[in-house]
Amino acid sequence: MPLHEGFNIQRQIIFRQIGAKIAYYRTLRCMKQDELADKLHIDKSVLSRIERGKYHNNISVAMLLAIADGLQIEPSLLLTFTDLEKRLWWEDLSAEGLKNFVSDVEDENSDENSDSM
């Protein structure tokens with residue numbers, strides 16, 4: 001795979017992760033998409049695309065700040081990633097690669113659970 005294709009895949013993953021965080025915090029606030037969209041003065045379909053990471057492969061800092069304000073959260077919560085989330089940026093995303101990734105995560109979780117007992 002050419003280098004630029006890998007970068008595009010990485011960006012897509014990051015946009016999806018940001019969108020998932022937006023949906024997560026919106027849900028924690030018991031807000032529907034249309035309620036947050038109205039607060040942001042954007043169409044619900046735009047917010048839906050953002051939450052799915054499909055916003056024209058780009059989202060402005062101003063929009064992220066507005067979303068964070070609408071959700072009453074720190075903007076950094078949308079742009080801070082765990083080590084596990086960061087691993088997804090670099091993993092082999094083929095079917096076999098994802099299978100190995102899931103297996104590794106399950107192993108790590110099982111190790112953590114056995115350590116806490």
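Just so it is clear, the model here is predicted, and its values are computed rather than measured. (Residues numbered from 1 in each chain as written. Predicted model: local features only at pLDDT ≥ 70, side-chain atom pairs only at ≥ 80, totals over all residues. Heavy atoms only, no water.)

**Concerning the overall build of the protein**
Part 1: When helices and strands are tallied, the protein shows seven helices and zero strands.
Part 2: Starting at the N terminus and walking to the C terminus, you meet the elements of the protein as α-α-α-α-α-α-α.
Part 3: Sequence separation of at least 24 residues holds for 60% of the intrachain contacts in the protein that already meet a minimum separation of 6.
Part 4: Total accessible area computed for the protein in this model is approximately 7,900 Å², and 54% of it derives from carbon and sulfur atoms. (Helix = DSSP H or I, 4+ residues; strand = E, 2+ residues; numbered from the N terminus. Contact = heavy atoms within 4.5 Å. Areas by Shrake-Rupley, 256 points an atom, 1.4 Å probe, with all protein chains shown as cover.)

**Points about the pattern of salt bridges**
Any two side chains of opposite charge can pair, on the condition that their charged atoms come close.
Part 1: Tallying each qualifying case throughout the model produces two salt bridges.
Part 2: Put simply, R26 and E51 hold a salt bridge, and the shortest N to O gap is 2.6 Å. Linking R26 in helix α1 (residues 3–28) with E51 in helix α3 (residues 44–51), this pair joins segments that are 25 residues apart in sequence. Each member of the pair R26 and E51 is classed as buried. (Salt bridge = Lys/Arg side-chain N within 4 Å of Asp/Glu carboxyl O. Buried < 20%, exposed > 50% of the residue type's maximum accessible area, 1.4 Å probe, protein only.)

**Quick look at the packing of aromatic side chains**
Part 1: Applying the stated criterion across every chain yields a total of one aromatic pair.
Part 2: Judged by centre distance (5.0 Å) and plane angle (75 degrees), the rings of Y24 and Y25 are edge-to-face. (Phe/Tyr/Trp six-rings, centres within 6.5 Å; stacked < 30°, edge-to-face > 60°.)

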